[in-house]
Amino acid sequence: MRLFVGLGNPGAKYASNRHNIGFLAVDEIARRHGFAPWRRRFQGETSEGVVDREKVVLLKPTTYMNESGRAVQEAANFFKLAPSDITVFQDELELPPAKVRVKIGGGIAGHNGLRSISAHIGNEYRRVRLGIGHPGVKELVHSHVLSDFAKSDRAWVEALCQAVADNAGLLATGHDASFANKVHLTMQAKGFFDKGEDGGEKPS
């Protein structure tokens, strides 16, 4: 069994915030793979289903971002899951918009949701880092993450969540590098990256 945790803040006020891209990603996984209706438990909302023959529980903590770890720990204890069975979908300031990276463990880079989760279950869980871009200066970070995506962002946000959902089976079966590569190639094929002069891709 796998626990996929989307990070975000509950309520309509925050639904379209950059900080809530984790919620958007697991919502799309639930839709794409025909998961059961969402229900309230573990200080959050959960939905269960199967992806590539792996049972997956989706969790959206409703504790607000800073206390996400309480919900994750409660679900992990109930299902007797190790940190290695848990994947967290998070917004990532240090990645350009629409970029994705997957890593296990490591630092939290000031992310309050990760800080809470690490405090409750340790650090060795998988993070799917969904790039939202950096506003440029530290003072603007708080308002950046708690602001809605711009209208011009909606196309790549939707495409990214769909690509994540389409390839979620690779995460469920532990093929992290293949997942990240397939999502990147999908986004590139849809025209969201241009080749930079240095050979790297840049958001278009």
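Please read these numbers as outputs of a predicted model, since none were measured by experiment.

1. Observations concerning the nonpolar core
- Ranked by size, the top nonpolar core spans 37 residues in total, and within it F4, I29, F89, L130, W156, L160 and M187 carry the most contacts.
- Those residues in contact with W156 that lie beyond four places of it in its chain are I21, P97, A98, G131, I132, F149, M187 and F192.
- L3, L59, A71 and I86 belong to the second-largest nonpolar core, a separate cluster that totals 19 residues.

2. As for helix α5 (residues 154–166)
- Here α5 is 13 residues long and its end C-alpha atoms lie 18 Å apart, about the 18 Å a rise of 1.5 Å per residue gives.
- For α5, the elements touching its buried residues are α1 (21–32), β5 (86–92), β6 (100–104), β7 (126–131), α6 (168–172) and α7 (176–189).

3. Observations concerning the packing of aromatic side chains
- Enumeration over the complete set of coordinates arrives at six aromatic pairs.
- Arranged with centres 5.5 Å apart and planes meeting at 65°, the rings of F4 and F89 form a pair that is edge-to-face. Of this pair, F4 sits in strand β1 (residues 2–6) while F89 sits in strand β5, and the two are 85 residues apart along the sequence.
- With a centroid separation of 5.7 Å and 85° between ring planes, the pair formed by F149 and W156 is classed as edge-to-face. W156 matches F149 in its accessibility class, with the two residues each being buried.
- In this arrangement the basic side chain of K60 is found over the ring face of F23, its NZ or CZ atom lying 5.6 Å from the centre.

4. What to know about the pairing of β1
- Counting buried positions along β1 yields five of five residues, so the element is predominantly enclosed.
- Burial of β1 is two-sided: the residues R2, F4 and G6 facing one way and the residues L3 and V5 facing the other way are all buried.
- Sheet analysis places β1 next to strand β4 (residues 54–61), joined by four bridges and oriented parallel. Paired with V5 across the strands is L59, a residue of β4.
- In this sheet, β5 lies alongside β1 in parallel orientation, the contact comprising four bridges. Bridging from a neighbouring strand, V5 pairs with V88 of β5.

5. Thoughts on the UniProt feature "binding site: tRNA" (unreviewed entry) in the protein
- Here, UniProt's "binding site: tRNA" (unreviewed entry) annotation points to Y14, Y64, N66 and N112.
- Mapped onto the secondary structure, Y14 falls in the loop between β1 and α1.
- Exposure remark for Y14: the relative accessible area of 19% places this residue in the buried category.
- Those residues in contact with Y14 that lie beyond four places of it in its chain are N9, N20, Y64 and L146.

6. Brief notes about unusual backbone geometry
- The backbone of F42 sits at a positive phi, close to 55°, despite the residue not being glycine.
- In this fold, F42 is placed in the loop between β2 (39–41) and β3 (44–51).
- Phi at K80 is positive, roughly 55°, even though this residue is not glycine.
- Looking at the secondary structure, you find K80 in the loop between α2 (68–79) and β5.

7. Re the environment of T186
- Position of T186 among the secondary structure elements: in helix α7.
- Note on T186: relative accessible area 25%, which makes it partly exposed.
- Sequence-wise, T186 and Y125 are 61 residues apart; in three dimensions their C-alpha atoms are separated by 25 Å.
- Contacts of T186, omitting those with residues within four sequence positions, involve A163 and N167.

8. A closer look at the side chain of T87
- Of note, T87 is situated in strand β5.
- Setting aside its immediate chain neighbours within four residues, T87 contacts L3, F4, V5, R126, V128 and L171.

Analysis parameters
- Residues numbered from 1 in each chain as written.
- Predicted model: local features only at pLDDT ≥ 70, side-chain atom pairs only at ≥ 80, totals over all residues.
- Heavy atoms only, no water.
- Core = buried A, V, L, I, M, F, W, Y, C linked by side-chain atoms within 4.5 Å.
- Buried < 20%, exposed > 50% of the residue type's maximum accessible area, 1.4 Å probe, protein only.
- Contact = heavy atoms within 4.5 Å.
- Helix = DSSP H or I, 4+ residues; strand = E, 2+ residues; numbered from the N terminus.
- Expected span 1.5 Å × (residues − 1).
- Phe/Tyr/Trp six-rings, centres within 6.5 Å; stacked < 30°, edge-to-face > 60°.
- Lys NZ or Arg CZ within 6 Å of the ring centre and 35° of its normal.
- Pairing = 2+ DSSP bridges.
- UniProt positions renumbered as here; feature names shortened; annotations may be inferred.

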